[in-house]
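Listed below are the residues making up each chain.
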Amino acid sequence: MTVPEYERLLAAQGGACAICKQQKSYPLRVDHCHRTGKVRGLLCSRCNVLAQDAEILLRVLAYVEGVMSHNGRSAAI
């Protein structure tokens, strides 16, 4: 990815992470499919880790839903 391509994608995302929508004080990481090489978006470090493994992400969701239901709250995020 070239610098102009990065800057265009960053502008298209409103200067924020594509997942959490937060602006960061550091450059966002280029998220891409490891199989095809296709760029998916720009992510902060935290979201980039989660986006790399769908199984981990599903476990995180199951954990949050379990904690929320155990505490008597809605599991809606």
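Residues numbered from 1 in each chain as written. Predicted model: local features only at pLDDT ≥ 70, side-chain atom pairs only at ≥ 80, totals over all residues. Heavy atoms only, no water.

On the surface, I56, L57, L58, V60 and L61 cluster together into a nonpolar patch covering about 390 Å² of accessible area. With respect to the helices and strands, the residue L57 is situated in helix α3 (residues 54–70). Judged by its relative accessible area of 34%, L57 falls in the partly exposed class. (Patch = residues over 30% accessible without salt bridge, like charges linked within 9 Å, V, L, I, M, F, W, Y side chains within 5 Å. Areas by Shrake-Rupley, 256 points an atom, 1.4 Å probe, with all protein chains shown as cover. Salt bridge = Lys/Arg side-chain N within 4 Å of Asp/Glu carboxyl O. Helix = DSSP H or I, 4+ residues; strand = E, 2+ residues; numbered from the N terminus. Buried < 20%, exposed > 50% of the residue type's maximum accessible area, 1.4 Å probe, protein only.)

Turning our attention to the side chain of Q13. Note that Q13 resides in the loop between α1 (3–12) and β1 (29–32). Within the local environment of Q13, its side chain forms a polar contact with the backbone oxygen of A16, the two atoms lying 2.8 Å apart. Q13 has contacts with A18, L28, G41 and L42, leaving out every residue within four places of it along the chain. (Polar contact = N/O pair within 3.5 Å; in protein donor to acceptor, adjacent residues only side chain to side chain. Contact = heavy atoms within 4.5 Å.)

Here the protein chain shows a mean pLDDT of 86. Residues at 70 or above account for 87%. Across the protein chain, element-level confidence peaks in α1 with a mean pLDDT of 96 and bottoms out in α3 with 80. (pLDDT = per-residue confidence, 0-100.)

Let us now look at the pattern of salt bridges. Following the criterion strictly, the structure yields 2 salt bridges and no others. A salt bridge links E55 to R59; the shortest N-O distance between them is 2.3 Å. Taken together, the residues E55 and R59, both in helix α3 and 4 residues apart, mark about one turn of the helix.

Its identity as a non-glycine residue notwithstanding, K21 has a phi of 65°, on the positive side. Along the chain, K21 falls in the loop between α1 and β1.

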